[in-house]
Amino acid sequence: MTKIAKLDQKDQFIGLRAKEVPYEQIALQLGVSKPTLIKWGKDMEIEISNRRALELEALQDKYYVSKKKRVEFFGEQLNRLYAELQERDLSEIPTERLFDLTMKTMASLKQEETPINLKEKKSLQDSLMDAFDETVVEWRA
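Predicted model only: the values in this text are computed from it and were never measured.

As for helix α5 (residues 67–87)
Then, number 1: Helix length check: α5 (21 residues) gives 30 Å between terminal C-alpha atoms against 30 Å at 1.5 Å per residue, within 8%.
Then, number 2: Of all the positions in α5, only F74, L78, L81 and L85 are classed as buried. One side of α5 carries all its buried residues, which in axial view fall inside an arc of 65°. Among the exposed residues of α5, those oriented more than 90 degrees off its buried face are K68, E76, N79, R80, Q86 and E87.

Here it is as C-alpha cells:
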C-alpha cells in the first residue's frame, strides 16, 4: 500500500472515530484490522479529539446553538436592555424588573465565558526530561 493511500485511510479513520463510529464498522469500511485501528486510535488520540471538537462545533453552528451565537444573542439583548434603562425614570417600579432582567442577562453572558485551552505534543527531549509527566501540554489563556 502506498504512503498516500495509508495517510488517506488514517484521515478517514480520524473522521470516523471523531463521529464515534465503532472500530468494527471502521474495520469493514476501511479494510483494516481492528487491532491496527485500536493502535491508530491510541497514536492519534489528540487528532481524533480535535476533529471531534470541530465536528461538534459544526453541528452546533448548524442548529444555531453555538457559544458564539449565544454570546451574540445575550450581548444584543443586554444592549437593548441598557438602551431601555436609559429611557426609564429609576423611581418607577417597572424599572426594578428591568434591572433584574439586565442582571440576569449579564449573568447568562458571564456563564458563556470559556477558557482557551491549546494542546501540543512535547518533543522527545522534553518527554525524556519529564519521564513521569504526560506528553500533552495545555495552555490556558
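Still to come is the rest of the account.
A few points about the environment of E55
Then, number 1: Of note, E55 is situated in helix α4 (residues 45–62).
Then, number 2: According to the relative accessible area criterion, E55 is partly exposed, its value standing at 31%.
Then, number 3: On a C-alpha basis, the gap between E55 and K19 in space is 7.5 Å, while along the polypeptide they are 36 residues apart.
Then, number 4: Contact partners of E55, with chain neighbours within four places excluded, come to A18 and K19.

Details of unusual backbone geometry
Then, number 1: In this structure, E20 takes a positive phi of about 65° despite not being glycine.
Then, number 2: Turning to its location among the elements, E20 is positioned in the loop between α1 (3–18) and α2 (23–30).

Concerning the packing of aromatic side chains
Then, number 1: Scanning all chains against the criterion turns up three aromatic pairs.
Then, number 2: Their ring planes at 25° and their centres at 6.3 Å tell us that F13 and Y23 sit as a pair that is stacked. With a gap of 10 residues between them, F13 in helix α1 and Y23 in helix α2 connect regions that are remote in the sequence. Note on accessibility: F13 and Y23 belong to one class, buried.
Then, number 3: Ring centres of F13 and W40 lie 5.7 Å apart, and the angle between their planes is 70°; on these two criteria the pair is classed as edge-to-face. Placement of F13 in helix α1 and of W40 in helix α3 (residues 34–43) is noted, with a sequence separation of 27 residues between them. In this pair, the class of F13 matches that of W40, namely buried.
Then, number 4: Here the aromatic cluster, defined as three or more aromatic residues joined through ring pairs, consists of F13, Y23 and W40.
Then, number 5: Taking NZ or CZ as reference, R17 lies 4.2 Å from the ring centre of Y23, over its face.

Criteria and cut-off values
- Residues numbered from 1 in each chain as written.
- Predicted model: local features only at pLDDT ≥ 70, side-chain atom pairs only at ≥ 80, totals over all residues.
- Heavy atoms only, no water.
- Helix = DSSP H or I, 4+ residues; strand = E, 2+ residues; numbered from the N terminus.
- Expected span 1.5 Å × (residues − 1).
- Buried < 20%, exposed > 50% of the residue type's maximum accessible area, 1.4 Å probe, protein only.
- Arc of directions from axis to C-beta.
- Contact = heavy atoms within 4.5 Å.
- Phe/Tyr/Trp six-rings, centres within 6.5 Å; stacked < 30°, edge-to-face > 60°.
- Lys NZ or Arg CZ within 6 Å of the ring centre and 35° of its normal.

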